[in-house]
2 protein chains.
Amino acid sequence: MTDQTVSVELGERSYTIRIAANALGEPAGLAKFVSGPDALIVSNDVVAPLYADRVRASLNGVRHELVVLPDGEQSKSLQTIATVLDHLVAMNANRDTTVIALGGGVVGDISGFAASVYQRGVNFIQVPTTLLAQVDSSVGGKTGVNHPAGKNLIGAFHQPVHVLIDTTTLATLAPREYASGLAEVIKYAVLGDIDFLTWLETHMAALREQEPTYVADAIRHCCKMKASIVANDEREQGSRALLNLGHTFGHAIETVAGYGEWLHGEAVAAGMVMAAVASGLPNDAVGRLQRLLDSAGLPVAPPSLGSEALWAAMQLDKKVQDGKLRLILLRALGDAFVTADVDESALHAALALADA
Amino acid sequence: MTDQTVSVELGERSYTIRIAANALGEPAGLAKFVSGPDALIVSNDVVAPLYADRVRASLNGVRHELVVLPDGEQSKSLQTIATVLDHLVAMNANRDTTVIALGGGVVGDISGFAASVYQRGVNFIQVPTTLLAQVDSSVGGKTGVNHPAGKNLIGAFHQPVHVLIDTTTLATLAPREYASGLAEVIKYAVLGDIDFLTWLETHMAALREQEPTYVADAIRHCCKMKASIVANDEREQGSRALLNLGHTFGHAIETVAGYGEWLHGEAVAAGMVMAAVASGLPNDAVGRLQRLLDSAGLPVAPPSLGSEALWAAMQLDKKVQDGKLRLILLRALGDAFVTADVDESALHAALALADA
């Protein structure tokens, strides 16, 4: 199957995720999820020239405007939110207006946050165009922007009314960006589904070549896992934290290497290896994870940034995020858990990977 | 009774409103609602010198900081939100930090919105010090700031974890501000409780002299009515709109007169008279409302701004707010309803009050 629908069950905030090759080409594919008279498409200067026309066509005559932001993480600021809000005001948007996010995770996070605060909340639709956004950030309602002191410090939980995933948009993604998305795909397998991990080992070549059936199946599987996790813990008071597997180490890598040096998924890939080592997993399990990451074109260890620098960055992350260091560790591949009780020597071994 | 507690029933977001003379003097009165290790008190340069020390004492040793904003509506901006967020970042606030709003409606709206977006939402407590905030804006979770194009265009629904109302703080309120709060008290009677309207007629002199028993009783009654309305319609998709009685006319008066010329409650008072006329209520009912407003020291008609200017402002309000003109009208005093079906000649009669 290359045509899939996944439901996210959140009571009155429930919604569907449609996954299909050429989903953007279906008649009124987006229009039927716009309940009011108009829409604002938010995109960036890389994605808009490629796909804005397809979104416009899919709106089937719904009145709409388009705001194009600069591509990149530096757009995720309160200033950009003000820009999007100014556009909504200028078009006389009301509570029935729909915001449509067309792009990757940055566009989705900005659009969703702007939609959550305009008139205390208007509808929004996600049209994610990167693999990372399709399997992770477009689902689950986390929205927000960065503060100079830290990523995603300002934001809201605001669920979309629909997520439309057109897998053909992945064709224009840079290979490194696509691989970065595969890191999040692998993350789902490592945190909770060993059968999916085996499936990924078998079909990684097909995934890298973007064979439509395999791509759609992988995305559907990830969305189903995320939908289930989010349905159980929408506001991340417990099990939703499992989705952060590899991310505490990964954020430290991104920070110390300098934002943009390592792509998010690359840092998460190395972070998952560090989490596996910090969990005290046997060498064959760590090796199996590394082989899978390598087959996806991803790094299998952190760069030589030094264990002390990484540890300092993790401490800062901890302070801002939570008040205490909690890590996502593994009992085995496919079985993650949250803990504040970390074995010191295993943690040192993980950090030492950055001393190589 | 001068000591009252009202519950707002919103499932897992339920909370209590404590109303007492000297509530701020009770041991650990605020500390017991702070679940984390620290708090940020947000206040303004008029209220902080008067009451910040009492809030500090009521925190009973909880680590805290204080941010003091300029008094006034012009503080309700996205820039001020950024200032409060910067303070939270600078104190290493985490998801367990509590924001405490000490002041009137402006401080409450700013603090609540900042609390709603910091790390996607932290707890906040309302300590309203104006009558208007005590009977209206501190209860119900509406938070937000203004956009140059309109009031409260940017915001969130974010319920407090507690509202602490110390009625003795009203003693320092300017008489005009206090009367402005009485307009919102009268609004509750007019929109839904004719017995309360009779009670207000009987005890207005005692209320104007701030006799503690009567003040606490009036506040408790308003909070109970608001709690019930909010519990039934948290996000204002229906009956909560009744709380806007007099506000569409009132906002137009505020806009055309120039913000700050008329206090919000004064404009709402005149707006309620206009709503009564637009409802086609008989003269004796309109007169009864005007006598009650007059006894509270409030205006009983709009200023001579011209019906056309007011109508233009209402059109603008309509466009931004909703897409169509809906008004809160009255079947009788004590019986309000929402309608988009307004009698033209009655509406003209109401607007003509501004041609006098």
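Residues numbered from 1 in each chain as written. Chains lettered and ligands numbered in written order. Predicted model: local features only at pLDDT ≥ 70, side-chain atom pairs only at ≥ 80, totals over all residues. Heavy atoms only, no water.

Once that is clear, we can look at the overall build of chain A. Across its full length, chain A holds 12 helices and 11 strands. The C-alpha extent of chain A, read off along each of the three principal axes, is 60 × 40 × 35 Å. Counting only residues that meet the buried cut, chain A has 60% of its 356 residues in that class. Long-range pairs, those at least 24 residues apart, make up 74% of the contacts in chain A with a sequence separation of at least 6. With the model as given, the accessible surface of chain A reaches about 13200 Å², and the carbon-plus-sulfur share is 50%. (Helix = DSSP H or I, 4+ residues; strand = E, 2+ residues; numbered from the N terminus. Buried < 20%, exposed > 50% of the residue type's maximum accessible area, 1.4 Å probe, protein only. Contact = heavy atoms within 4.5 Å. Areas by Shrake-Rupley, 256 points an atom, 1.4 Å probe, with all protein chains shown as cover.)

With that out of the way, let us pick up the interface of chain B and chain A. In this complex, chain B contributes 33 residues to the contact, which on the side of chain A involves 33 residues. Here chain B is connected to chain A by 0 salt bridges. Those elements that place two or more of their residues in the side of chain B that touches chain A are helix 2 (78–90), helix 3 (105–117), strand 7 (142–147), strand 8 (150–157) and helix 11 (307–321) of chain B. Sorting elements by how many residues they give to the side of chain B that touches chain A places strand 8 of chain B first, with 6 residues. Of the residues that constitute the side of chain B that touches chain A, the class distribution is 14 nonpolar, 10 polar and 9 charged. (Salt bridge = Lys/Arg side-chain N within 4 Å of Asp/Glu carboxyl O. Nonpolar A, V, L, I, M, F, W, Y, C, P; charged D, E, K, R; others polar.)

Turning to the packing of helix 6 (residues 194–208) of chain A against helix 7 (residues 212–232) of chain A, a few remarks are in order. Residues and elements named next belong to chain A. Orientation of helix 6 relative to helix 7, taken along the N-to-C sense of each, is 145°, at an axis distance of 10 Å. Read as a crossing pair, helix 6 and helix 7 show a hand that is left-handed. Residue-level contacts link Phe 196, Trp 199, His 203, Ala 206 and Leu 207 of helix 6 to Tyr 214, Val 215, Asp 217, Ala 218, His 221 and Cys 222 of helix 7. Here the contact of helix 6 with helix 7 is built from residues that sort into 8 nonpolar, 2 polar and 1 charged. (Axes fitted to C-alpha atoms, helices over the stretch in contact; angles between N-to-C directions. Left-handed = near helix turned anticlockwise from the far one by under 90°.)

This brings us to helix 3 (residues 105–117) of chain A. Spanning 13 residues, helix 3 of chain A covers 18 Å between terminal C-alpha atoms, matching the ideal 18 Å at 1.5 Å per step. In terms of residue burial, helix 3 of chain A counts as a mostly covered element, since 13 of its 13 residues are buried. (Expected span 1.5 Å × (residues − 1).)

Before going further, it helps to examine the environment of Pro 175 of chain B. Within the secondary structure layout, Pro 175 of chain B lies in helix 5 (residues 175–192). Along the chain, Pro 175 of chain B and Ala 189 of chain B lie 14 residues apart, while their C-alpha atoms are 21 Å from each other.

The subject of this paragraph is helix 12 (residues 344–352) of chain B. One turn of an α-helix holds 3.6 residues; hence residues three or four places apart share an orientation. Residue and element names in this part refer to chain B. Residues of helix 12 that are buried include every one of Ala 346, Leu 347, Ala 350 and Leu 351, and no others. Angularly, the buried residues of helix 12 cover 140° about the axis, an arc narrow enough to put them on a single face. Exposed positions of helix 12 whose direction lies more than 90 degrees from the buried face are Glu 344, Ser 345 and His 348. (Arc of directions from axis to C-beta.)

Once that is clear, we can look at the pairing of strand 2 (residues 15–20) of chain B. Strand residues, when the strand is regular, have side chains that alternate between the two faces of the sheet. All names here are of chain B. With 5 of 6 residues buried, strand 2 lies mostly within the body of the structure. Taken together, the 5 bridges between strand 2 and strand 9 (residues 162–166) define a ladder with parallel strand orientation. Bridging from a neighbouring strand, Ala 20 pairs with Asp 166 of strand 9. (Pairing = 2+ DSSP bridges.)

Before going further, it helps to examine the side chain of Ser 307 of chain B. Relative to the helices and strands, Ser 307 of chain B is located in helix 11. Among the residues examined, Ser 307 of chain B registers a relative accessible area of 17% and is labelled buried.

Turning our attention to the pattern of salt bridges. The full count for this structure, using the stated rule, is 32 salt bridges over all chains. Here Glu 236 of chain B makes a salt bridge to Lys 142 of chain B, at a shortest N to O gap of 2.4 Å. Of the two residues, Glu 236 of chain B sits in the loop between helix 7 (212–232) and helix 8 (247–257) while Lys 142 of chain B sits in strand 7, which places them 94 residues apart along the sequence. A residue is classified by how much of its surface remains accessible, and Glu 236 of chain B, at 10% relative accessible area, is buried. In the salt-bridge network here, residues are joined through shared partners; they are Asp 136, Glu 184, Lys 187 and Lys 226 of chain A.

What follows concerns the relation of the copies chain B and chain A. Superposing chain B onto chain A takes a rotation of 180° combined with a translation of 0.0 Å along the rotation axis, leaving an RMSD of 0.0 Å. Here the symmetry operator amounts to a two-fold rotation axis. In this assembly the copies share their binding face: 100% of the residues contributing to the interface of chain B also contribute to that of chain A. (Least-squares fit on C-alpha atoms with pLDDT ≥ 70 in both.)

Looking at chain A, the pLDDT average stands at 94 and 97% of residues meet or exceed 70. What the predictor reports for the complex is a pTM of 0.93 with an ipTM of 0.92. (pLDDT = per-residue confidence, 0-100.)

Turning to the packing of aromatic side chains, a few remarks are in order. Under the definition given, this model contains 4 aromatic pairs over all chains. Ring geometry for Phe 196 of chain A against Trp 199 of chain A: centres 5.8 Å apart, planes inclined by 20°, an arrangement best described as stacked. Here Phe 196 of chain A pairs with Trp 199 of chain A, and both are found in helix 6, just 3 residues apart, close to one helical turn. A relative accessible area of 5% means that Phe 196 of chain A is categorised as buried. With 6.1 Å between their ring centres and 40° between their planes, Trp 199 of chain A and Tyr 214 of chain A make a pair best called tilted. Within this pair, whereas Trp 199 of chain A is found in helix 6, its partner Tyr 214 of chain A is found in helix 7, the two being separated by 15 residues in sequence. Since its relative accessible area comes to 23%, Trp 199 of chain A is described here as partly exposed. Using a relative accessible area of 26% as the deciding quantity, one classes Tyr 214 of chain A as partly exposed. Through a chain of ring-to-ring contacts, the aromatic side chains of Phe 196, Trp 199 and Tyr 214 of chain A assemble into a single cluster. The aromatic ring of Phe 157 of chain B is capped on one face by Arg 120 of chain A, whose charged end is 5.9 Å from the ring centroid. Directly above the aromatic system of Tyr 188 of chain A lies the positively charged group of Lys 187 of chain A, at a separation of 5.2 Å from the ring centroid. (Phe/Tyr/Trp six-rings, centres within 6.5 Å; stacked < 30°, edge-to-face > 60°. Lys NZ or Arg CZ within 6 Å of the ring centre and 35° of its normal.)

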